[in-house]
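Summary of the model geometry
Spelled out from the first residue to the last, the chains are:
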Amino acid sequence: PPLLVVPGADPSARQLCFAWGPAEALVCETLFGSRGTGEGGPSSSRLFVVRKDQDIYIQTLRKLFNESHGIFIGLQRSEEELAGKSRKAQLVQVSKNYRSVIRACMEDMHQAAISARDPALHSQYSTQVSILSAMELIWNLCEILFVEAAAAGPLLLRLLDWVRLHVCDVDNMVREVLSSENPSKHELFWNVVDVFVLQGRMDEARHLLSKEVSANPTSVNMYKILDDLMKKMPVPSLSNTQTLTEMELKWQHWHEECQRYLQDGTFASNSHMESICKILLGDEDAILEKKELLTTWYHFLVTRLLYSHPTVKPMELRFYAQSSMDLFLGGESSPEPLDTILMAAFEFEMHQVIKECSIALSNWWFVAHLTDLLDHCKLLQSHNLYFGSNMREFLLLEYASGLFSHHSLWQLGVDYFDHCPEYGRVYLELHIERIPLNTEQKALKVLRICEQRQMHEQVRSICKIMAMKALRNNRLGSALSWSIRAKDAAFATLISDRFLKDYCERGSFSDLDLIDNLGPSMLLSDRLTFLGKYREFHRLYGEKRFSEAARLLLMLMTARIAPRSFWMTLLTDALPLLEQKEVIFSAEQTYELMRCLEDLTTGKSDKQKFQEDDVETMKVEMLRLALARNLARVIIKEGTLEGS
Amino acid sequence: MYFSKVWDKSENGDWHCTASWKTHSGSVWRVTWAHPEFGQVLASCSFDRTAAVWEEIVGESNDKLRGQSHWVKRTTLVDSRTSVTDVKFAPKHMGLMLATCSADGVVRIYEAPDVMNLSQWSLQHEISCKLSCSCISWNPSSSRAHSPMIAVGSDDNSPNILAKVQIYEYNENTRKYAKAEALMTVTDPVHDIAFAPNLGRSFHILAVATKDVRIFTLKPLRKELTSSGGLTKFEIHIVAQFDNHNSQVWRVSWNITGTVLASSGDDGCVRLWKANYMDNWKCTGILKGNGSPVNGSSQQGIFNASLGSANTSLQNSLNGSSASR
């Protein structure tokens, strides 16, 4: 298992304490085991922040993650009803799309590597380029063998394309020779001809050869024969113009013809041409001599197949692959992880391919998406597993979990969890609760996602957390909004009480906008309703709509909407209304007010009345007086006939 | 004077120590966070025989600019007569509740009935475990099928073969916690214990830090209908046991999906354990100090390092490298 060095920590002096975080982990120096007296201990402890490699890759592979997400979603939603050929064509297209995204990312990375001044950064980018290249190589092979499931005939052509695309070491050499003034005089001329032959690029090989012969007319006869042989070589066709058997027959004849010319010594005087003829005959030794140009055993494999078994069947590949690797490596070097993966593919051991890739690659992107695609091709048997219902889900869960450590890519992770039927939801619930809600916008974004998925508990929890945070920072309006959204009546009550308390202390409301526009959410809690109505009372008073204000004020007490503790304040609020020039409260209303006041004051014991401060007693007295005066006035007013 | 420190991560991703204050008059053994639904709340426990609950007070704006925060003590729990060795908040669906355990073998469960008033805690349960306790873990499952459950570990050192891990379950009928299970195979002192997040499974997973790392599954069997009303019986299996630390294992903790377990050992290492899709547990990483002093300044003592997974020739040695600030 990989070892991470924690710089400066001394394992002989201290132990390490570990804590998981959403984006990273923390490690702290400590001393366990010093129990007993509890004396002593580390004088200073350092804190280490540990991030997974994944995070570095996330930065550089961001585009890959974003674009492949689109392809993934498209695949999940694609038409399953399409059967047979059209479905297969659809899946092959998906595979090609993934590969083009990988290539685009490679290109970007390559540019970044070139322009990087810092050698460490340059090295990082270059490494990334080679990893992506390996990924595309493997994916491409899987596409040919598994997704397209190319049959004998087309199989070879696909493999040839594959090799041509990925063996780039020789490209520079080819370019150099072709662009020189006199290619046939170039010292690497024959190497390039060989490269073309090894890759089955007959036309290009013939073209180059023609240049050589015009420079060396003496070999014109030899050349004509070789050229002819190369022109006539039968290759499998993609269209249905010939059957496999027909092709095999033609090939057999052609092979025998080549054999004759070789044995006749036709090419004896030109070792280069002779070697080419041997290659055409599929002579392993001759091909192996060109090891430097082949560069890889899988190139050797495909060349071998081209010139000895062009109609190779998929299931036969494994034998040729194993022997090719053995012959090519020749016991000098042992297979590397990439080789093992490719071999597993040639052996059609899909699970092995995925397993090896999981081990070799440090991020889950590749195996998750490839496995998902293979699963859609109905190629994976499903095992019932402990983590995730099957390998596809297991890998997708791993990949998506990794995305959650990123401050914005986590949103992609949500969609991946959506498509994991067994554990996707619970993973989403766990991860989404841990997203740091640094801003309101982020919290709203997370909420929307939860609401869309009926994750009620998470909605409630997030709103509660935000409400608490707002309350602690004395942002009452924000706290109230959040508790309304959480439908948290208890909290709404608490915050309304705070508003009211603030009002009592300061004589004004904060967050008027919010309270004025509560609408039906006012009904969430009685206290909240009171708050809203009380504010309405103040508004009416401000607009000089006194009789409406008066009615509302009274109703708040008689309908028991106002908490008892607040009645004194309400009655005090009634004072200015009582002292208006115009009579506002009707007789009946005045009696009601008096009743409320008595209700309040009779509840108290003598001792309480004694302890009440003078301001309180004075208030009560003032109220009694004002109410009495109002009563007097209103009786007269109501008793007076209009117009008299 | 025994201090606790709180570190905050700022917007640009840096960690800063925003508070450092005297919490106890003896070594502080553990510090734990309450769920953010209850605000910014911490609990600590100490050799000084107390546990305390702390709340962050939003200070003056000056403090915020200086990056400092204030913590005030809301309550001190003084019921224990010996060192309080662990304190853990219960899962949030149980309200604002916490459990402490002490060296004299008593587990106490407290509740704050009014979550807005952190100074009022009432002692709801006292569980006598008969062995000196070192650690506790609440079962995080909020499923209706599972009663509240707490695992208690003991580091009792006297030579005996008593089970050092006990499972207590809340009985709805008696309204008390009763011992449901004891892991008889764990007879060495236990230093830490942790239930894994539930993920909707019917069974529970428990990690134990003892002379090695052990992972158990507890599968509830049909509740026995005894006279005291159903106490769950469990089928216990050990799914992993690792002695790679080659020394006492002090801490175990689960990641948020319960897919990776981190263990800290006396060998100064942290090891990470993960199950593959075939349910085989393996070590997927090791963190270890190299003992060499760090070059350059380290005012805050924070170092960034990256942890990679298996390294092969598919990529160069980017893994296992560390960068310090």
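First, a word on scope: everything that follows refers to the structure included in this document. As the structure is a computational prediction, the values presented were derived from the model and not from experiment.

Rules used throughout
- Residues numbered from 1 in each chain as written.
- Chains lettered and ligands numbered in written order.
- Predicted model: local features only at pLDDT ≥ 70, side-chain atom pairs only at ≥ 80, totals over all residues.
- Heavy atoms only, no water.
- Helix = DSSP H or I, 4+ residues; strand = E, 2+ residues; numbered from the N terminus.
- Buried < 20%, exposed > 50% of the residue type's maximum accessible area, 1.4 Å probe, protein only.
- Contact = heavy atoms within 4.5 Å.
- Pairing = 2+ DSSP bridges.
- Axes fitted to C-alpha atoms, helices over the stretch in contact; angles between N-to-C directions.
- Phe/Tyr/Trp six-rings, centres within 6.5 Å; stacked < 30°, edge-to-face > 60°.
- Lys NZ or Arg CZ within 6 Å of the ring centre and 35° of its normal.
- Salt bridge = Lys/Arg side-chain N within 4 Å of Asp/Glu carboxyl O.

**Observations concerning the overall build of chain B**
- Summing up its helical and strand segments, chain B has one helix and 23 strands in all.
- When the 325 residues of chain B are sorted by exposure, 55% land in the buried category.
- By sequence separation, contacts in chain B at least 24 residues apart represent 44% of the contacts at least 6 residues apart.

**Brief notes about the sheet that holds strand 7 (residues 84-89) of chain B**
All names here are of chain B.
- On the basis of which strands lie adjacent, the open sheet formed by four strands has the order 7-8-9-10 and antiparallel pairing. Of all the strands in the sheet, just strand 7 and strand 10 (122-128) have a single pairing partner and so form its edges. When strand polarity is set aside, the average angle formed by the axes of neighbouring strands in this sheet is 20°.
- Here five bridges tie strand 8 (residues 97-102) to strand 9 (residues 106-111), and the two strands are oriented antiparallel to one another. Counted as the bridge partner of Leu98 is Tyr110 from strand 9.

**Some words on helix 10 (residues 271-280) of chain A**
All names here are of chain A.
- Of all the positions in helix 10, only Met273, Ser275, Ile276, Cys277, Ile279 and Leu280 are classed as buried.
- Tucked into the core, helix 10 has its buried residues touching helix 6 (189-198), helix 7 (202-215), helix 8 (220-232), helix 9 (244-263), helix 11 (284-289) and helix 13 (297-308).
- Gly282, located one to two residues past helix 10, shows a positive phi value of around 75°.

**What to know about the packing of aromatic side chains**
Residue and element names in this part refer to chain A.
- Enumeration according to the criterion identifies 35 aromatic pairs over all chains in this entry.
- Ring centres of Trp139 and Trp365 lie 6.1 Å apart, and the angle between their planes is 35°; on these two criteria the pair is classed as tilted. Note that Trp139 is positioned in helix 3 (residues 119-147) and Trp365 in helix 17 (residues 365-376), a separation of 226 residues in sequence.
- Accessibility expressed as a relative area gives 0% for Trp139, which makes it buried.
- Residue classification places Trp365 among the buried residues on the basis of a relative accessible area of 0%.
- Ring-pair connections join several aromatic residues into one group, and the members of that group are Tyr503, Phe530, Tyr534, Phe537 and Phe566.
- The positively charged end of Lys464 is found above the aromatic ring belonging to Phe491, 5.0 Å away from the centroid.

**Observations concerning the pattern of salt bridges**
- Per the stated rule, a full pass over the model turns up 47 salt bridges over all chains.
- Here Glu143 of chain A and Arg99 of chain A are joined by a salt bridge, their closest N and O atoms 2.8 Å apart. Highlighted residues: Glu143 of chain A in helix 3 and Arg99 of chain A in helix 2 (residues 84-115), separated in sequence by 44 residues. Exposure class is identical for Glu143 of chain A and Arg99 of chain A. Each is buried.
- Notably, a salt bridge pairs Asp86 of chain B with Lys88 of chain B, separated by 2.9 Å at the nearest N-O pair.
- A relative accessible area of 0% places Asp86 of chain B in the buried class.
- According to the relative accessible area criterion, Lys88 of chain B is partly exposed, its value standing at 23%.
- Ionic contacts of the salt-bridge type, sharing partners, join the residues Lys96, Arg99, Arg103, Glu136 and Glu143 of chain A into one network.

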